[in-house]
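# Survey of secondary and tertiary structure
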Amino acid sequence: MQLRNLKRAGDARRDEVLALNRAVEIKTSPLDRPALDRLLASATFAMGIPGPDGALAAFLIGFAPGADYQSPNYRWFCDRLARFAYIDRVVVAEAARGQGHARRLYDAFAAHAAEHDLGPLVCEVNSDPPNPGSDAFHAALGFTEMGRGSPAPGKVVRYLVRET
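Source: prediction; values computed, not measured. (Residues numbered from 1 in each chain as written. Predicted model: local features only at pLDDT ≥ 70, side-chain atom pairs only at ≥ 80, totals over all residues. Heavy atoms only, no water.)

### Description of the packing of helix H4 (residues 101-115) against helix H5 (residues 132-140)
Between H4 and H5, the least distance of the axes is 12 Å, while the angle of their chain directions is 45 degrees. It follows from the interaxial angle that H4 and H5 lie oblique. In terms of crossing hand, the pair formed by H4 and H5 is right-handed. Residues Ala102, Arg103 and Tyr106 of H4 lie in contact with H5, whose contacting residues are Phe137, His138 and Ala140. Residue composition of the contact of H4 with H5, grouped by class: 4 nonpolar, 1 polar and 1 charged. (Axes fitted to C-alpha atoms, helices over the stretch in contact; angles between N-to-C directions. Helix = DSSP H or I, 4+ residues; strand = E, 2+ residues; numbered from the N terminus. Parallel < 35°, antiparallel > 145°, perpendicular 65-115°, else oblique. Left-handed = near helix turned anticlockwise from the far one by under 90°. Contact = heavy atoms within 4.5 Å. Nonpolar A, V, L, I, M, F, W, Y, C, P; charged D, E, K, R; others polar.)

Right under this line is the structure:
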């Protein structure tokens, strides 16, 4: 399946992004339509993968330094790195897991980051609540921990980095 640019997506596709995010918002964060529209307007990279039926199977939204984005996790990287490609969220539909979609999206963002000289890929993974699947995925892709933080009450994250 071909990657689709979500920055130009219509209402129906944006609704699919919201539905996929809602299913895992404990691992990402809640997202409503106005917030999604702001994310996509400021994002450096926003791509999705449709499934065989055409419905959205996975997506990734990422940012470069200087974006109009106030996420505490994004700001954490802004305070420490001059150059980076921040993965804000990657979501794969339950039925589409295990098909390599997340890896394909990470590879595409890494290629974009290299082409635009953005610097290393960075992201955060929840430690509390734990997300062992994400921990294993990021370790397999060569991410290493560069710090920890608590961006919200009851949430602890590990900040990860991988050179592109």
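Read on, since the account is not over.
### Focus: the pairing of strand E3 (residues 56-63)
For E3, the tally of buried residues reaches 8 of 8 residues, placing the bulk of the element in the interior. By the bridge criterion, 6 bridges tie strand E2 (residues 45-50) to E3 in an arrangement that is antiparallel. Of the residues in E3, the one forming a bridge with methionine 47 is leucine 60. Connecting E2 to the next strand, E3, in antiparallel fashion are 5 residues, including glycine 54 with a positive phi near 90 degrees. Bridge count for E3 against strand E4 (residues 85-92) is 6 bridges, and the pairing is antiparallel. Residue pairing across strands places phenylalanine 63 opposite tyrosine 86, the latter belonging to E4. (Buried < 20%, exposed > 50% of the residue type's maximum accessible area, 1.4 Å probe, protein only. Pairing = 2+ DSSP bridges.)

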